[in-house]
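Below, each chain spelled out in residue letters.
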Amino acid sequence: MAEDKGYGSEIHEVEKGSEHSGGAVNFLHSIQARYAKVDPASYLRRPDESSSSYWVRRLGSLKPIELLLGEYNATPLRRYLNAFHLIFFGIGAIIGTGIFVLSGQAAANHAGPAVTISFIVAAVASSFAAMSYSELASMIPVSGSAYTYAYATMGEFVAWTLGWDLILEYMVGAATVGVGWSGYFVTFFKVAFNVEFGENWTEPPIKWQESPASIYYDEGHYFNVPGFVIVMIVTTILCIGIRQSSWVNSVIVVIKMLVVFIFVFALCGFVDRDNYSPYVPPNTTGDWHLFGAPGIFAAASTVFFAFIGFDSVTTAAMECKNPRRDLPIGIIGSLIVTTIMYVAFCTVMTGAVSYTELNVAAPPTVAVSAVEARTGKSFRWLNIVVSLGALFGLTSVMMIMLLGQSRVFFSIAKDGMLPSVFAKVHPKFKTPYVATIVVGTITAILAAILPVDLLGNMTSIGTLLAFFIVHAGVILLRFTRPDVERWFKIPGGKYLFAVFPILGMVVCVLLIAVAEVTTIWRLFVWMGIGWIIYFSYGIRKSRLHKDPIGRFAEVHAHMDPKEESRYEVQDYDYNHERM
């Protein structure tokens, strides 16, 4: 962090500068003063303040960056991760369902062979978000991801909304991966050992139909046992420790990267160019989500789920040795590597088999079987390798998403807006074990009963909303907290930098616009549930309002006296009116 002059001197300098400026500059300086204020008593109700004004003001209460930095220095979590671990975390979260499951469904239902373009569109949108996340992570190295960034930029209500949105993103996302894992589990045993498992215990009993929208029980299906079991195994590993989780993830990432490369190089010589014609299938149904140029963007909205992993890197900030430097490296590095892998994989897969055959749970194995049928050569070994690689790959995705979800729960609980039990840290393993167990159990149940398409679409829309808020937060902090050190800054200087987050916001809006209407409605329903919880529990229990002086003092007491980010905690008069 840049030289810490203390919140009092910062406000004084702002006020001094405002005396010699015009109205617009005065307004900017007053906003900067609000963002720079580190005053616990400012969260209390003023003597002349009405009840309604006080409660409305609480909705926009900011969590100062100084307090967030103090929380990092005072964390009870074990600091183990470095840039290498974070890059592998990003790859582990990104390469999974998107490449092994959703790629085939997006090609078959929306874009055809042009699904490759859909991945590029989604990657461009993700690159804007990656830069915004990297800048915020380099200045606010605290767990909680978009929830934490929103708390520092837009206030408590927006932060809760984003935190609730992240619950949707990570928990439901991990459940989606659990469903996909089950499909590959069945496929692996079939191609490797010629053993077929019955669908009644390996597929979710609930089915979803997008158009017309309907959800129904599939007779004869009871419980997705493989999906449930793997989620609980991953949950157990995460409870044991961050070091063990990191090494398990690193080994899995190496294996699945090798599998992707083997698939690409084994089949690239057997691509049938006829499968690329037409590259963009025409829209003949009247539904603009189905093929044609709009179908490419509709598919991009679906496969955008494939890229959400890089934001989960930021949820491990509290467990990083040097988060300011390593988080941006992990975010951007993992995005670059995985984009190249996605494009190569989808190009070969849609060239090996007609896109119309890819709407299955394990599309790469369909491509391998098609090449076998066309050439007469045996590629059974490749089907085994791909299925095994998918199992490993999807396992690492679940691991990172569940890790991210538990850390979001941990951050919200530390702020008091969820029960304090979620903030408990295991005395030996130094992990938020209660949050991890609860999140893992709920995720396992979702994976056991809900279908992959319903879950995947909900996650994509939730992620877009989080990205939109993060983009806006970067712009806000550039003008309101220019004094805070940033290891990574979006290029473009003082003003032109805004082009990237603005473009990112536009892309997010466009991708949301082309999503299925029912998916958007499901998001609003989820948000409505979250707002009910906030207004009935969170706003009343928030520690910044229930006991702000105690909260600041608690963080301050656990900080190293040598830390530059320490702030002064004074004795405040509760009855004194403060601006």
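Residues numbered from 1 in each chain as written. Predicted model: local features only at pLDDT ≥ 70, side-chain atom pairs only at ≥ 80, totals over all residues. Heavy atoms only, no water.

The name given to the protein in an unreviewed UniProt entry is Cationic amino acid transporter, with Lichtheimia ornata as the source organism. For the protein, the Subcellular location (unreviewed entry) comment in UniProt is given as "Membrane". (UniProt positions renumbered as here; feature names shortened; annotations may be inferred.)

1. Details of the overall build of the protein
Secondary structure assignment for the protein yields 22 helices and two strands. Residue pairs at least 24 apart in sequence account for 80% of intrachain contacts in the protein once pairs closer than 6 positions are excluded. Accessible area of the protein: about 22000 Å², with a carbon and sulfur share of 65%. (Helix = DSSP H or I, 4+ residues; strand = E, 2+ residues; numbered from the N terminus. Contact = heavy atoms within 4.5 Å. Areas by Shrake-Rupley, 256 points an atom, 1.4 Å probe, with all protein chains shown as cover.)

2. Remarks on helix α19 (residues 499-513)
Spanning 15 residues, α19 covers 21 Å between terminal C-alpha atoms, matching the ideal 21 Å at 1.5 Å per step. Residues Pro 501, Gly 504, Met 505, Val 507, Cys 508 and Leu 511 constitute the buried set of α19. Looking straight down α19, one finds that the buried residues subtend no more than 165 degrees of arc, so they occupy a single side. (Expected span 1.5 Å × (residues − 1). Buried < 20%, exposed > 50% of the residue type's maximum accessible area, 1.4 Å probe, protein only. Arc of directions from axis to C-beta.)

3. A closer look at the pattern of salt bridges
It is possible for side chains bearing opposite charge to pair when their charged atoms get close. Evaluation of the coordinates by the stated rule reveals 13 salt bridges. A salt bridge links Glu 71 to Lys 63; the shortest N-O distance between them is 2.8 Å. Per residue, the accessibility class of Glu 71 equals that of Lys 63, and both read buried. Between Asp 326 and Arg 325 there is a salt bridge; the shortest N-O distance is 3.0 Å. Taking the relative accessible area as the measure of exposure, Arg 325 reaches 33% and is therefore partly exposed. A network of salt bridges, in which partner residues are shared, links Lys 63, Glu 71, Asp 415, Arg 543, Arg 551 and Glu 554. (Salt bridge = Lys/Arg side-chain N within 4 Å of Asp/Glu carboxyl O.)

4. A few points about the layout of surface pockets
Over the atoms, a rolled probe matching the size of one water molecule traces out where space is still vacant. Approximately 380 Å³ is the volume attributed to the second largest pocket. In terms of lining residues, the second largest pocket is bounded by 19 residues, among which Arg 34, Lys 37, Ser 42, Arg 57 and Leu 62 are the most central. In terms of residue class, the lining of the second largest pocket is made up of nine nonpolar, three polar and seven charged. (1 Å grid on protein atoms, 1.4 Å probe; cavity = no way out; pocket = protein on both sides within 12 Å on 5 of 7 lines; lining within 4 Å. Points joined across faces, edges and corners; volume = space filled by probe spheres on them. Nonpolar A, V, L, I, M, F, W, Y, C, P; charged D, E, K, R; others polar.)

5. Considerations on the packing of helix α5 (residues 83-94) against helix α11 (residues 242-267)
Direction vectors running N to C along α5 and α11 enclose 60 degrees, while the axes themselves pass 9 Å from each other. With respect to α11, the element α5 is oriented oblique. Of the two possible hands of crossing, α5 and α11 adopt the one that is left-handed. Contacts between α5 and α11 involve Phe 84, His 85, Phe 88, Phe 89, Ile 91 and Gly 92 from the first element and Ile 242, Ser 246, Asn 249, Ser 250, Val 253, Val 254, Lys 256 and Met 257 from the second. (Axes fitted to C-alpha atoms, helices over the stretch in contact; angles between N-to-C directions. Parallel < 35°, antiparallel > 145°, perpendicular 65-115°, else oblique. Left-handed = near helix turned anticlockwise from the far one by under 90°.)

6. Quick word on the nonpolar core
Formed by 167 residues in total, the largest nonpolar core has its most connected members in Phe 100, Tyr 133, Ile 140, Phe 263, Leu 267, Phe 307 and Phe 310. Dropping the residues within four chain positions of it, Phe 100 is found in contact with Ile 95, Tyr 184, Val 260, Phe 345, Ala 361, Ala 362, Pro 363, Pro 364, Gly 389 and Ala 390. (Core = buried A, V, L, I, M, F, W, Y, C linked by side-chain atoms within 4.5 Å.)

7. Remarks on the packing of helix α9 (residues 156-193) against helix α17 (residues 433-449)
One can describe the packing of α9 onto α17 by two numbers: an axis separation of 8 Å at closest approach and a directional angle of 50 degrees. Judged on the interaxial angle alone, α17 and α9 are oblique. Crossing of α9 over α17 shows right-handed handedness. In contact with Met 171, Ala 174, Ala 175, Gly 178 and Val 179 of α9, α17 contributes Val 439, Ile 442, Thr 443, Leu 446 and Ala 447.

8. Structural notes on unusual backbone geometry
In this model, Ser 277 is joined to Pro 278 through a cis peptide bond whose omega is 0 degrees. Looking at the element boundaries, Pro 278 is found in the loop between α11 and α12 (292-303). In the Ramachandran plot, Lys 430 falls in the positive-phi region, its phi being about 60 degrees despite a non-glycine side chain. Mapped onto the secondary structure, Lys 430 falls in the loop between α16 (380-414) and α17. Residue class for Lys 430 comes out partly exposed when judged on its relative accessible area of 29%.

9. With respect to the packing of aromatic side chains
All told, the structure shown has 32 aromatic pairs when counted by the stated rule. Taken together, a centroid distance of 4.9 Å and an interplanar angle of 55 degrees make the contact between Phe 185 and Phe 189 tilted. Placement of both Phe 185 and Phe 189 in helix α9 is noted, with a separation of four residues, approximately one turn of the helix. Among the residues examined, Phe 189 registers a relative accessible area of 24% and is labelled partly exposed. Aromatic pair Phe 223 and Phe 228: ring centres 5.5 Å apart, planes at 55 degrees, arrangement tilted. Residue Phe 223 is classed as partly exposed on the basis of its relative accessible area of 26%. Here the aromatic residues Phe 157, Trp 160, Trp 164, Trp 526, Trp 531, Tyr 534 and Phe 535 are joined through ring pairs into a cluster of three or more. Lying over the aromatic face of Tyr 72, Arg 79 brings its terminal NZ or CZ to 4.3 Å of the ring centre. Sitting over the face of the ring of Phe 497, Arg 478 holds its NZ or CZ atom 4.0 Å from the ring centroid. (Phe/Tyr/Trp six-rings, centres within 6.5 Å; stacked < 30°, edge-to-face > 60°. Lys NZ or Arg CZ within 6 Å of the ring centre and 35° of its normal.)

10. Topic: the side chain of Thr 315
Tracing the sequence through the fold places Thr 315 in the loop between α13 (309-312) and α14 (323-352). With relative accessibility at 0%, the residue Thr 315 sits in the buried group. Residues in contact with Thr 315, not counting those within four places in the same chain, are Ser 143, Gly 144, Ser 145, Tyr 170, Leu 403, Gly 404, Arg 407 and Val 408.

11. A short note on the side chain of Ser 312
Relative to the helices and strands, Ser 312 resides in helix α13. Those residues in contact with Ser 312, other than ones at most four positions away along the chain, are Ala 93, Tyr 170 and Ile 400.

12. A word on helix α8 (residues 146-153)
For α8, the tally of buried residues reaches eight of eight residues, placing the bulk of the element in the interior. The positive-phi residue at the C-terminal boundary of α8 is Gly 155, with phi of around 100 degrees.

13. Considering the environment of Trp 487
For Trp 487, the location among the structural elements is in the loop between α18 (452-480) and α19. The exposure class of Trp 487 is partly exposed, given its relative accessible area of 44%. Linking Trp 487 and Pro 328, residues 159 residues apart in sequence, is a C-alpha distance of 8.4 Å. When neighbours within four sequence positions are excluded, Trp 487 is seen to be in contact with Ser 138, Arg 324, Arg 325, Pro 328 and Ile 329.

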